[in-house]
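# Coordinate analysis (summary)
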Amino acid sequence: MQGLLAWVPLLPLIGFLLLVAIPLFYSKEPSEKFVTAIGVGSVGISALLTAIVATTVFWQNPGEVVNIALWQWMLVDNLELGFNFHVDWLTLVMLMIITGVGFLIHLYSAGYMREDPDFRRYFAYLNLFVCAMLILVMADNLVLLYLGWEGVGLCSYLLIGFWYKNPANGAAAQKAFIVTRIGDTAMAIGLFLLFFEFSTLNIPQLISAADSSGANSQIITVATLLLLGGAVGKSAQLPLQTWLPDAMAGPTPVSALIHAATMVTAGVYLIARMHPLYMLSETAMTAVAVVGALTLLLAGFSAIAQSDIKRVLAYSTISQIGYMFLALGVGAWSGAIFHLMTHAFFKALLFLSAGSVILSLHHEQNIFTMGGLYRRIPFTFICFAIGCACLAALPFTSGFYSKDQILLRAWEFHDGFNSLWLAGILGALVTGIYSFRVLFLVFAGSEGSSSSHCKDANNTVMRVPLAILATLALFGGMLAPPLQSVFGTQTWEHPAAWVEGVAIAMPLIGLVIAWGLSRQQQKTGEKRSPIMQFWFSGWGFDWLYENLLAKPFRNLARLNHKDIIDSIYKGTAAFSQQLNSLLSSSQNGQIRWYLATFAAGSILFLALLVAL
Amino acid sequence: MPFETAPGLEAGVLLASILFCLGLAGLMMRRNIIFMLMCVEICTNAAALMFVVAGAHWGNADGQVMFVFVVTLAAAEVAIALALVLQFYHRKHTVDIDQLNELRG
């Protein structure tokens, strides 16, 4: 039964290969039904297999750990790496999210992308992405994890730039790739450092080695900080968050899959997976928490000022992952994974219903041209409203349970009132404001300029995933995964009632503020005050990086346009060519000239002989 | 063992040198390939004369032996060279050496 798990990442890979290989066998493009059967089917079966293994193996025995050794990957001196999978409850939760939510998004995509000329290419990329993500979470050593990590990065590049004919999309794809590369480089260095210290990259061995030996704490601190660098890049946290809002250039289901539900959570997974190492270093823990707290506030305020429906969601993703980092930083491991799970549900729901809105409005994304849509697309409205409620963590939605756990833990971690908790609470208020603002601007109030030609674009394959995700988002709070086997039993006493009260009240206050804000903004339109403009630009990070890094680099490149180093080699070549033309002009074919030079040479030679 | 210096040595060397220089100058200045051949002959004969003069000076027969060799060589050289001249004339319909300049850099 456990062996079935090996098929989970393999099936999407087979799907990808089939979809890619089709042109080798058939000259004409296969029908959309056929592509859907392969693309959606492969992930669907993976989800089914995961569910079977989860219920039969893991549900009965929460402490179960399945190791699957497929083959040896490389053996260099004392570095032995296997293509091996290590599945415990943490991995299983990720597997269920990736295959489950992934399957729903695939299904929705079949409806959303219908009539796209590159339907096959789309599903090929999507399958490859799922495969890479599955390898990432199932890997039992960090190099295999890194393989999945890079695969995910590659697929995100391909999918963000899916509509490559628009140069802006290509630029967004490159930005995502390059910015995450910075983090990946840090992570690679971290891996080298870990191997240098522990002579192994196998995760369980690494953890036991770090636990038992009095390992060099400085090296562990540096290594964990470098791994955090990788996580920060992939999870779009401060200071590498700039790629994610631009990554909305891809098709909307891609945003749901990559930039909400799965890929950006890879960083959270990495830190949760390596948590025993982080626990050894207080500096690293604090860094994780501070990065999370800063990011969640920064992205939250940015989300308030956005006018593109997808960019609001993009910033909300960054902000929610900030919450997860905060949770990791204060040691609420299972809280972070729980929030990761509920976030996957409601953010996929939000993105997919946003996709429905966009499709219904014929690819209009500006929320200021929308309004009053609840009458025209009620089903999408209900889904989006549920998603917003979960995102804002209104009581009894899934987001409430997971976020509450994080906030309480942040309170308790530093014995009461502290800046991390304050950031979380303020973030909860901001989340309430931005999520309900977009809801009200799009669906409530008077109709905007593009609302009038709204036509419900949902078909059955799009409604079904939306309905399932809405149910999961509402009731996912009851599905807290039993992660004690991975993280140990974590108990903490409940703080004072008012602390909990504040956590409940904040989203509601946010809702009220959002109502006022959206009323006012619907009147004033897209005009922004200076502070809003600042938030709109994402706190000027793009401007900063453009001027601090990109521009000097471009200037340097322009300066070096003729390649200064190359001129040495070019100079050598030119010199010998000059010499050659000089000598070859003496070879003029005139025998009498040769004779004269010969005679002159002889005379010179004789004269030399005489003189000496 | 050298004999005492023969009175004709300096005159002989001078003559040979003048002859050689004449031949060389003619070789460089003439464009007609037949005249160039004749200049070569003058050069070889200057060298042969030098052998004879030197042989006479040291009272050694080797100089005369070398003279016979030089004459033989000159005969062989003329035989080959005339054949080449003939071929050249057949191909180019000229005896101007400057027309033979195709092999150049």
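Quantities reported herein were computed from a predicted structural model and do not represent experimental measurements. (Residues numbered from 1 in each chain as written. Chains lettered and ligands numbered in written order. Predicted model: local features only at pLDDT ≥ 70, side-chain atom pairs only at ≥ 80, totals over all residues.)

### With respect to the overall build of chain A
In terms of regular secondary structure, chain A is built from 25 helices and two strands. In terms of its C-alpha atoms, chain A occupies a principal-axis envelope of roughly 115 × 65 × 55 Å. Split into buried and exposed, the 612 residues of chain A put 51% on the buried side. (Helix = DSSP H or I, 4+ residues; strand = E, 2+ residues; numbered from the N terminus. Buried ≥ 20, exposed ≤ 12 C-beta atoms within 10 Å, placed from the backbone.)

### Some remarks on helix 1 (residues 9-29) of chain B
For an α-helix the count is 3.6 residues per turn, leaving residues at separations of three or four pointing the same way. The terminal C-alpha atoms of helix 1 of chain B lie 30 Å apart, and with 21 residues this matches the ideal 30 Å at 1.5 Å per residue to within 8%. Among all positions in helix 1 of chain B, only A16, G23 and L27 of chain B are buried. All buried residues of helix 1 of chain B fall inside an arc of 40 degrees around its axis, so they share one side. Within helix 1 of chain B, the exposed residues directed more than 90 degrees away from the buried face are E10, A11, L14, I18 and M29 of chain B. Considering only its buried residues, helix 1 of chain B is in contact with helix 25 (591-611) of chain A together with helix 2 (33-58) of chain B. (Expected span 1.5 Å × (residues − 1). Arc of directions from axis to C-beta. Contact = placed C-beta atoms within 7 Å.)

### Remarks on the interface of chain A and chain B
Between chain A and chain B, the contact holds 11 residues from the first and 11 residues from the second. Secondary structure elements with two or more residues in the side of chain A that touches chain B: helix 24 (564-586) and helix 25 of chain A. Of the residues contributing to the side of chain A that touches chain B, the split by class is four nonpolar, six polar and one charged. (Nonpolar A, V, L, I, M, F, W, Y, C, P; charged D, E, K, R; others polar.)

### A short note on the pairing of strand 2 (residues 79-87) of chain A
Residues and elements named next belong to chain A. Bridge analysis of strand 1 (residues 66-76) against strand 2 gives nine bridges, and the strand direction is antiparallel. By the bridge assignment, M74 is partnered in strand 2 with L81. Where strand 1 folds back on strand 2, the antiparallel hairpin that results is connected by two residues, among which D77 adopts a positive phi of roughly 55 degrees. (Pairing = 2+ DSSP bridges.)

### Regarding the environment of D184 of chain A
All names here are of chain A. Relative to the helices and strands, D184 is located in helix 6 (residues 167-198). Taking the C-alpha atoms as reference points, D184 and M279, separated by 95 residues in sequence, lie 22 Å from one another. Not counting residues within four places of it along the chain, the set of residues in contact with D184 comprises W149, E150, G153, G230 and G233.

### Here's the deal with the domain arrangement of chain A
Residue and element names in this part refer to chain A. With domains assigned, chain A is organised as domain 1 (1-183 + 236-267), domain 2 (286-527), domain 3 (530-561) and domain 4 (563-611). Facing 31 residues of domain 1, the contacting portion of domain 2 comprises 40 residues. Elements with a minimum of two residues in the side of domain 1 that touches domain 2: helix 3 (89-112), helix 9 (243-246) and helix 10 (252-261). Here the side of domain 1 that touches domain 2 takes 12 residues from helix 3, the largest share from any one element. The residue makeup of the side of domain 1 that touches domain 2, split by class, is 22 nonpolar, eight polar and one charged. (Domains from an automatic or database assignment.)

### Some thoughts on helix 8 (residues 217-234) of chain A
Residues and elements named next belong to chain A. Between its first and last C-alpha atoms helix 8 spans 26 Å; for 18 residues at 1.5 Å apiece the expected length is 26 Å, and the two agree. Elements in contact with the buried residues of helix 8: helix 5 (142-160), helix 6, helix 7 (203-212), helix 11 (266-273), helix 12 (275-279) and helix 13 (282-305). Positive backbone phi, approximately 55 degrees, marks A236, located one or two places after helix 8.

### Some words on the nonpolar core
Considering soluble globular proteins, one finds that nonpolar side chains tend to be buried as a cluster. One finds F129, V288, L326, A348 and L349 of chain A to be the most contacted residues of the largest nonpolar core, which totals 207 residues. Taken domain by domain, the makeup of this core includes at least three residues from each of domain 1 (1-183 + 236-267) and domain 2 (286-527) of chain A. Core analysis: the next-biggest nonpolar cluster, separate from the first, contains five residues, A16, A48, M50 and V53 of chain B among them. (Core = buried A, V, L, I, M, F, W, Y, C linked by C-beta atoms within 7 Å.)

### Considerations on unusual backbone geometry
All names here are of chain A. The step from L238 to P239 runs through a cis peptide bond, and the omega angle for that step is 0 degrees. When you line up the elements, P239 lands in the loop between helix 8 and helix 9. For S199, which is not glycine, the phi torsion reads 55 degrees and is therefore positive. Summarising the element assignment, S199 is placed in the loop between helix 6 and helix 7. When the 13 C-beta atoms within 10 Å are taken as the criterion, S199 is described as partly exposed. Although it is not a glycine, A236 sits at a positive phi angle of roughly 55 degrees. Tracing the chain through its elements places A236 in the loop between helix 8 and helix 9.

### Considerations on the packing of helix 15 (residues 333-360) of chain A against helix 16 (residues 378-391) of chain A
All names here are of chain A. With their axes 9 Å apart at the nearest point, helix 15 and helix 16 run at an angle of 145 degrees to one another. Seen along the crossing, helix 15 lies across helix 16 with a hand that is left-handed. Taken together, the residues of helix 16 that come into contact with helix 15 (itself represented by T342, F346, L349, L350, S353, S356 and V357) are T380, C383, F384, I386, G387, C390 and L391. A breakdown of the residues in the contact of helix 15 with helix 16 according to their chemical character gives nine nonpolar, five polar and no charged. (Axes fitted to C-alpha atoms, helices over the stretch in contact; angles between N-to-C directions. Left-handed = near helix turned anticlockwise from the far one by under 90°.)

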